[in-house]
Every structure is written in structure tokens, then in C-alpha cells.
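Now for the letters of each chain:
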Amino acid sequence: MLVERETLLAELLGFAAEGLDGRGRLVFLGGEAGVGKTSLTRALAAGLADRCVVRVGAVDNLTTADALAAFTDAMPDWDVSLDADRLALFRSLREQLRAAPSLLVLDDLHWADEATLDALRFLGRRLDGLPTLIVATYRHDEVSPRHPLTIVMGELAGLSQVHRRVVPPLTPAGVALLVEQSGAALDAADLYVRTEGNAFFVTEVLATGDAEVPATVRDAVLARVSRLSSGAADVAAAAAILGTAAPVDLLITVAGQPANAVDEAVERGVLVAGGDGLGFRHELARQAVEQSLSVVQRRRLHQAALSRLTALDPTDHRTLAHHALWAGEDALAVTHATAAARRASLLGAHREAVAQYQLALRAEPRGDVQLPSRAAVFEALAYECYLTDRIPESIAARQRALELYELAGDPASVGDTQRWLSRLSWFLGRNDDAERYAARAVATLEPIGETPPLAMAYSNLAQLRMLAGDAAGAELWGGRALALAAKLGDREVEIHSLNNVGAALSHTDRAAEGRLMLQRSLELALEDDAHEHVARAYTNQGSVAVVERRYADALGALDAGIAYCEERDLDSWTRYMESWRVVALGELGVWDEAMERAVRLLAYPDLDPVSAIPAAAAAGRIAARREEDAAPFVDLAARLAGPTGELQRIAPAACASAEAAWLAGAAESILALTGEALDLVATHPEPWVLGELLWWRSLAGVGTGDDPAAAAETAFAPMLAGRWPEAAQAWESLGCPLWQAYSLGLADDVASAQRAVGILERLGATAAIDAVLRTRREHGLALPRRPRKRTRDRIGQLTSREFDILLLLADGLSTADLADRLVLSPRTVEHHVSAVLHKLGEPTRARAVATARRLGVLEQPA
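Residues numbered from 1 in each chain as written. Predicted model: local features only at pLDDT ≥ 70, side-chain atom pairs only at ≥ 80, totals over all residues. Heavy atoms only, no water.

A. Representation of the overall build of the protein within the structure. Tallying secondary structure elements over the protein gives 44 helices and 7 strands in all. For the protein, the C-alpha radius of gyration of 32 Å lies close to 29 Å, the compact-globule estimate for 862 residues. Taking the principal axes of its C-alpha atoms as reference, the protein extends roughly 100 × 80 × 45 Å. Taken across its 862 residues, the protein has 56% of its residues classed as buried. (Helix = DSSP H or I, 4+ residues; strand = E, 2+ residues; numbered from the N terminus. Rg over C-alpha atoms; globule rule 2.2 N^0.38 Å. Buried < 20%, exposed > 50% of the residue type's maximum accessible area, 1.4 Å probe, protein only.)

As C-alpha cells, this is what we get:
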């Protein structure tokens, strides 16, 4: 019976009514193991069975999760082709769910593979028009802040169609009701204390009929199993090692017992019917029985399972690898584990591929070991670690592969592995290691001849030179890569090299040529739908344009790139471009949106430093200008940028630190804060970076001499020369109100300074006003009037953007209407709406509008 779950069930039925009506809903249903999540979803399914298709799938804990297991279990008719494009595969999943109203229950997602979570993320972002309620259950006490499921839930949390609920333990009254219904002679209060209200534990105790309460749920399960005959106990043991619901014939074969032994296990309630066979009522019960088996008994059962399952389906490599390992069949374990890893990788379950390759390496026989084959497993493991952002583990695996390739005398593989180690070292900010491995790769591969690995090694060196700001070096090595790529017909190297050289030249007086090369790289990548290369091209186009203050071009490239990556769930690239979008919005004076995006971005666990640095630096500058706490942002940018040794990372952090120091009245610290960046830009000139660094140093009292030629083509040149009207006009034409104000703020005439104060007041840059006035005073210049202090603050501390949203909500606009009116994405609108509701303490839009009218918020000026 369902006890104390009526309210949750009613909520789920309400979500179902909305979802089945075409307004798709996703509910994450958490709770500890055995608390009753499955009982609740079964009751939900029973209540909806006559209104929709009910699909139930689960992830098992027998071994490494199968790719897309929860979905394929729930939807066996979904065609999962290994040759299918990942995006096409997820689209076909959504189309199948669109065909008819359905309840989709996905159980135990705390064990889910990467592909399953990616598919769920894909659906969660595209619920509109889907006649479906998706209920995803998980053990909330086993999901850490860095767990992949936590990340997915966090990414979907701002969407109005996504909800999270937790099933609580039973109360003392709930336990008492179950005791009363069972007729057991147990003290309900004691039972509650001993079980802590865990529903499965309570029902297992009641099922034993004992007068004493077992100490643990394991003891309760084993107490029930102990009442079975030896034959039925063997059946339970076989079910434990098989894991999922097993057909009766399979149970009989593996257990080596007759059918009546299976019947006894079912009649005693140890096994129950479910899915396509028999299994335990709960994973806790299966684990308790499996852990009670002796080593000999376990190996015998796994050997029997391996033999029978191989005969039934020799392609079920994941399951066969597991049984082979425990059966002591190492050679078979390696064969099946590597095959399972390849399949998982093709389906995008890269974490699971890692686990399978690790299994293969554990099981590898140590006798007649073939060095190249073992090296290939390490190489494959390294690539899967790279894809799952486990860079230190990827480096360790590549180094093992390198040792084995060297022992085997395979210079081609040695050189390609060295090139990979270069790339991986750069990801960790180990630039010296990256340069050393890059040079070794070229030295190893050149004697072999003109090969694709050599072409990519050249391009890798070009990329390192580009990242270091060495345009000449990037062009030298990129030219070699392009020439060899043309000779070999290697399109990937061509795309990669065009990007490297184009990005490098874009920061020189050959910028137009560089932009054409970047555009060509993008066009070729789009033709091939080469995801990573497309994303990289959009990123470099956007970031170069931001640095050069070409904001229309920047936002065009970044918006297109973000849309491309979001459609394909390329989240790491999306976040990197979002970070540069934050920088652009900050420079354009769109500070509320920039801060919201930055805070949301920086909250991601394990965010790459290259994505965190631009957003943190931009957010720190905005916060400092507003007299808010900028230190967490500025310090983060500086801490992450330092180890990279790269100008493009160190300069934004240095400029953010310098501006924060000036705003705080500590201009004397600017020289130390900008010294490293200035040294870097001296060897690799970058006009806009040099101009800003010299500007901040000038505020610390350091003279800049004549107009620096390297900054002559930037809007900083007239600032450094004291040509304030010219500088202000230049910044205004670029659309940068803050820099326009900084230029006007130090002009000799007080009228210009008054304009500066007005611009800064409209931006909310109170600290900047103070700093401008302080600097004018230090220079002996007349002071303009300060702005009047606002007499009324907005109730709820709504930002300007949030206040605009509230006004439009009062007019009855939908999310789509708001997105069109404000030229924002629906996702961004939903984030703003959620912030408004949170700040006003109301659960719905209508309630928020009503509260705002009552409090007078809507009568206040925007």
C-alpha cells in the first residue's frame, strides 16, 4: 500500500496533466535507497494507464552502465544505430515521444551513463510541444555536487517545465499504519527508530514475521533468504549475479536447479516478476545477497552465466565482460570489454567507455602480452578521458602508451602520442611541457616521411604559437601543415591549420587576411559538420572580434556558435563562447545581463579555466564599478590565468585587477598587477591589449611618452595622448559607454566631465564616479556635480532587466512574446522570470504581478 505519498502523487498527476497536453514536463524525483520512489512511480503509472502510453526503463548496477540503457529499456522499439549521428539519434528519440501522449519513467539515474544524461538534457531543453511527462528517479544522497546528474539538473533548473521533488522517509505515524495493516506484533515506535522510516527496510522487516527487528536492511533481506531451501537459495544467488530481471530458463540454467526451486523463491517473496523475467524487489536486496556469496560460489555462477549468455547473445559485450572478469576468463574479459568500450564511445557514453577500457587493462593477461595491442588500449582510454575532461588521467594513459610504443619500436605511434601529450599539457596550463612534446613529435615524425600525423604535428605547433601570440611562428608552422595537408588531401588538418593561422593573423596588420582564413575554416567545417572544428572557428571569430572591439561581428559569431553548439549539446564550447559573450555585454554596458550570465556560468562544477577567466574578469570589473564585492571574481581570474603564461589569459585578469585597484583608490598597486602582461605584450604585440595596459599604468603615474605606435590604431591612442574629445567619440562609435565616460571624465572642461558622470550614473557605476572625481581632484581639474542619491530603491532589489520583465508580465506577455520583445532567447527569459519570482517570493507569474501591484512596485519608474 502507498503510505504518506498522496501529496506527491497528486503533484505528479498535475504535472502529467500539463505534460500530456503537449506542454512537456520533466520531474527529477529524488530520495534515499528504499524510500519508495518506485512504488510512487508505479502508482502514478497505474493512474495514467488509460490516458497515455506508459514506458518504464531503468539503469542497473550490475556493471558499468550500458549506453542509453534507461531509454532503450523503456523504448525497445527505438532504433539505436551505432552509425547514426548523435544529434539525429536524439532527434529521433524526441520524435518517437511526440507520436503519442506518454509517461516516461527513468529509474536510478544516479547510475546512468553519459549518453543517457545527454539525451535527457536534450529532451529537457526541448519539452515544448512534447506530450510527455518524464519522471527521472535518483538517490539524492548518492549524488554529489560534482556528479554528472547534478550538473544536468543544474543546467535545466531554470526552465519552468522542469521540477525537482524528494520523497521523504515515512513518519512514525506512517510506520505505525504499516504495522497495523500487517498485523505484526512489533512495536511501531521501535521499528521507526531502527529503520529511520525507510519504506523498504520497514516492509522487509514486516515480511520476515520476526518479533525482533534486524540491525540493518541487509540482515532483514538475508533473514528472508535464510528460510529458503538450498535449491531456492541457489536460484536467489543466480538472480543476484545476473543483476536485472532474468528469464526463468536462464535462472534455472545458471543456478543448476529445477523449476520448483524458482517457484519457491517467488512464493516466499524473495524474487518478484518484473520486466521480462524475475528479479529482486529492490537493488538493496540484490546487493545483500550478492555480497553474501563465497568466492567459490560467485565464480561458479559467473562461469555458468558467461557460458549461457554467450550462447544467447555473443554481442552483449558489456555483460559478458563483467561475467568473464569475475569468472577468471581474462582473455575473454579483454575482448568483450574493448568491444563494449567502442560501442559506448560511438553512442557518446564516454565515461562508460573509460570504465570498460580500465576493465580491459585490469584483466589483460600478463603472460604473452602484445605491446602494440596493450598500447592501443591505453591510447583509446586516453582519448575517452580527454573527451570526459579527465585530463590528468588522459596524460597518464598517453604516457603509458608512449612507453609501450617506444618498446615496440613504432615511431609513427610514438610521434602521434607525443603530439597528443603536447595538446593535453596545454589544457592543464603546462605550457613548457606542451612545447617540449610538440617539438619532439615533429622530430620523431619527420624522418618517417610526409604523413597525416606529421601534418597534424605541424598544425599543433602552429596552434601553440597562435595561443602564445606569436603570429610569425603560427604562420610558419601553419604554412607547413597546409602545404602537407594539400598534398595528402587531409581536410581535417586543413581546417585546423586555417583556424590557427587565421586567428594569429587577426591580431596583426594582416587582420583582414586572417579573418578570411577563419571564415574559410568555418565553411569547410560546416560542410563536414565537424563539430569541434565548427565550434572552434566560431569561438576564434567571436573572441578575436571582442578583443578588437568589433562587437556586432563578435555577437554575430558568438550567437551563431552558441546556437550551433546548444543544438548539439556541445556544452564545453557553449560555455567558452558564453564567457566571451559576457565580456562583450560588459563592454557594451549591458551589465545586468552580463552579470547574470557570468554568475550562472561560473557556477558550473569543473568549468575549464579558459572559460572561467574571461567571464570572471568581466564580472569582477562590473562588480567593482558598482561598489559590489568584486574580489571573488577578480581573484579567480588572476589565480587561473597565472599558470597559463599566455597573454590572452593573463591580460584580461591583469586589466580587471588594475581597474579594481583604481576604483578602490589603490592606483599605486597597478604597476605590479600589470607587469607580467606588459612583458608578454612587448614580445608579442597586441594593440588593444597594449593600449589598455598603458592606460591603467598611466593612472598609476607612469608616463607613456609619445603615442605608442603599437596602439596607434586603437581608441586607447587618443586617451594616452590626452585627446579626450577624439577618444570619447571613438569609444562612442564602438558602442562602449564606460570607456566613453572614462575619456570624458579626465577632459579639461567640466562640461565633458559632467557628461561622464551622467553616463556612469545611468550605468550604475557609483564607484567609477568616485574614482573619476578623485582622479580629477588629484590632477587639479574642476569637479562636476555628483548625481543625486536615488530616493527610492526598487522593492525586491530587482535589476533593470528584471523590472522590465515584471512590467511585461503585468501586460500578460508569454515567454515567447517576452523573447521577441526584448530580443532574448526563451531560455534567458525564463532565467529572468525565475529571478523575479524568487525576489518577490511568489511561486507563479500571476502571483508575482499581484504582489507587485500591492507593494507598488509597478508604479515605480524603470
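B. Looking closely at empty space enclosed by the protein. Counted according to the given criterion, the structure contains 3 cavities of 30 Å³ or more. What the largest cavity holds in volume is close to 80 Å³. Residue lining of the largest cavity: F200, E204, V221, R224, V225, G269, V270, F280, R281 and A285, and that is the complete set. At the level of elements, α9 (199–208) and α10 (217–225) are the ones that each hand at least two residues to the lining of the largest cavity. (1 Å grid on protein atoms, 1.4 Å probe; cavity = no way out; pocket = protein on both sides within 12 Å on 5 of 7 lines; lining within 4 Å. Points joined across faces, edges and corners; volume = space filled by probe spheres on them.)

C. Expanded view of unusual backbone geometry. Positive phi, normally seen in glycine, also occurs at D108, with a value near 60°. Among the secondary structure elements, D108 is positioned in the loop between β3 (102–107) and α5 (114–124). One non-glycine residue, R549, lies in positive phi territory at about 65°. With respect to the secondary-structure elements, R549 resides in the loop between α27 (531–547) and α28 (551–567).

D. Layout of the sheet that holds strand β1 (residues 25–30). The sheet built from 5 strands is open, its strands ordered β2-β3-β4-β1-β5 with parallel pairing. This sheet does not close on itself; its edge strands, each paired only once, are β2 (53–58) and β5 (162–166). Averaged over all neighbouring strand pairs, the angle between strand axes comes to 15°, with direction disregarded. With 6 bridges connecting them, β2 and β3 associate as parallel partners. By the bridge assignment, G57 is partnered in β3 with L106. The sheet contacts of helix α1 (residues 6–20) involve β1, β3, β4 (132–138) and β5, and relative to β4 the element is tilted by about 140°. (Pairing = 2+ DSSP bridges. Axes fitted to C-alpha atoms, helices over the stretch in contact; angles between N-to-C directions. Contact = heavy atoms within 4.5 Å.)

E. Fine view of the confidence of the model for the protein. The share of residues in the protein with pLDDT of 70 or more is 94%, and the mean pLDDT across the chain is 89. Taken element by element, the protein is modelled with least confidence in helix α42 (residues 815–822), mean pLDDT 78, and with most confidence in β4, mean pLDDT 97. (pLDDT = per-residue confidence, 0-100.)

F. Layout of the state of the cysteines. If you walk through the whole model with that rule in mind, you get 0 disulfides. Looking at C655, it has no disulfide partner, and the nearest cysteine sulfur is the one in C736, 14 Å off. (Disulfide = S-S within 2.5 Å.)

G. The arrangement of helix α16 (residues 317–327) in detail. When you tally the buried positions in α16, you get 8 out of 11 residues, the bulk of the element. Of the positions making up α16, those classed as buried are R318, T319, L320, A321, H322, H323, A324 and A327. Of the surrounding secondary structure, the elements contacted by the buried residues of α16 are α11 (230–242), α15 (295–312), α17 (330–346) and α18 (350–363). Where α16 terminates, the next one or two residues include G328, which has phi positive at roughly 85°.

H. Local environment of the nonpolar core. If you look at the biggest cluster of nonpolar residues, it comprises 112 residues, and the most contacted ones within it are F28, F71, L109, L120, L242, L251 and F280. The next biggest cluster of nonpolar side chains, apart from the first, holds 107 residues, and it includes A537, A654, C655 and A658. (Core = buried A, V, L, I, M, F, W, Y, C linked by side-chain atoms within 4.5 Å.)

I. Looking closely at α27. Between its terminal C-alpha atoms α27 stretches 24 Å, which fits the 24 Å expected from 17 residues at 1.5 Å a residue. Most of α27 sits out of view: 15 of its 17 residues are buried. Phi turns positive, to about 65°, at R549, one or two residues after α27. (Expected span 1.5 Å × (residues − 1).)

J. Quick look at the pattern of salt bridges. Per the counting criterion, the structure on display carries 46 salt bridges. Between R550 and E548 there is a salt bridge whose closest N-O contact spans 2.9 Å. In this structure, R581 and D559 form a salt bridge, with 2.7 Å as the shortest nitrogen-oxygen distance. Note that R581 is positioned in helix α29 (residues 571–587) and D559 in helix α28, a separation of 22 residues in sequence. Residues joined by salt bridges that share partners form a network here, namely R549, E587, R621, R625, E659 and E692. (Salt bridge = Lys/Arg side-chain N within 4 Å of Asp/Glu carboxyl O.)

K. Broad picture of the packing of aromatic side chains. Scanning all chains against the criterion turns up 18 aromatic pairs. Taken together, a centroid distance of 5.5 Å and an interplanar angle of 85° make the contact between W739 and Y742 edge-to-face. Of this pair, W739 and Y742 both sit in helix α38 (residues 737–745), 3 residues apart, which is roughly one turn of that helix. As far as burial versus exposure is concerned, W739 and Y742 are alike and both buried. What links up through ring pairs into an aromatic cluster is the set W662, W688, W696, F716, W731, W739 and Y742. The positively charged end of R126 is found above the aromatic ring belonging to F122, 3.8 Å away from the centroid. The ring of Y437 has R436 sitting right over it, with the charged end atom 5.5 Å from the ring centre. (Phe/Tyr/Trp six-rings, centres within 6.5 Å; stacked < 30°, edge-to-face > 60°. Lys NZ or Arg CZ within 6 Å of the ring centre and 35° of its normal.)

L. Highlighting the side chain of S497. Taking relative accessible area as the criterion, S497 reaches 0% and is therefore assigned buried. Here S459 takes part through its side chain, which lies 2.9 Å from a polar atom of the side chain of S497. Beyond its immediate stretch of four places on either side in the chain, S497 contacts S459, G478, A481 and L482. (Polar contact = N/O pair within 3.5 Å; in protein donor to acceptor, adjacent residues only side chain to side chain.)

M. Summary view of the packing of α16 against α17. Contact pair α16 / α17: the axes reach a minimum separation of 8 Å and the direction vectors enclose 150°. On the basis of their axis angle, the class for α16 and α17 is roughly antiparallel. The element α16 and its partner α17 pack so that their crossing is left-handed. Between α16 and α17, the residues in contact are H317, R318, L320, A321, A324 and L325 and L332, A333, H336, A337, A339 and A340, respectively. Residues of the contact of α16 with α17, tallied by class, amount to 9 nonpolar, 2 polar and 1 charged. (Parallel < 35°, antiparallel > 145°, perpendicular 65-115°, else oblique. Left-handed = near helix turned anticlockwise from the far one by under 90°. Nonpolar A, V, L, I, M, F, W, Y, C, P; charged D, E, K, R; others polar.)

N. Looking closely at the packing of helix α30 (residues 591–602) against helix α31 (residues 609–625). Relative orientation of the contacting elements α30 and α31 amounts to 135°, with a least axis distance of 9 Å. As judged from the angle between their axes, α30 and α31 are oblique. Remark: the crossing between α30 and α31 carries left-handed chirality. The residues of α31 that touch α30, namely those facing W591, A594, M595, A598, L601 and L602, are S611, A612, A615, A616, A619, I622, A623 and R625.

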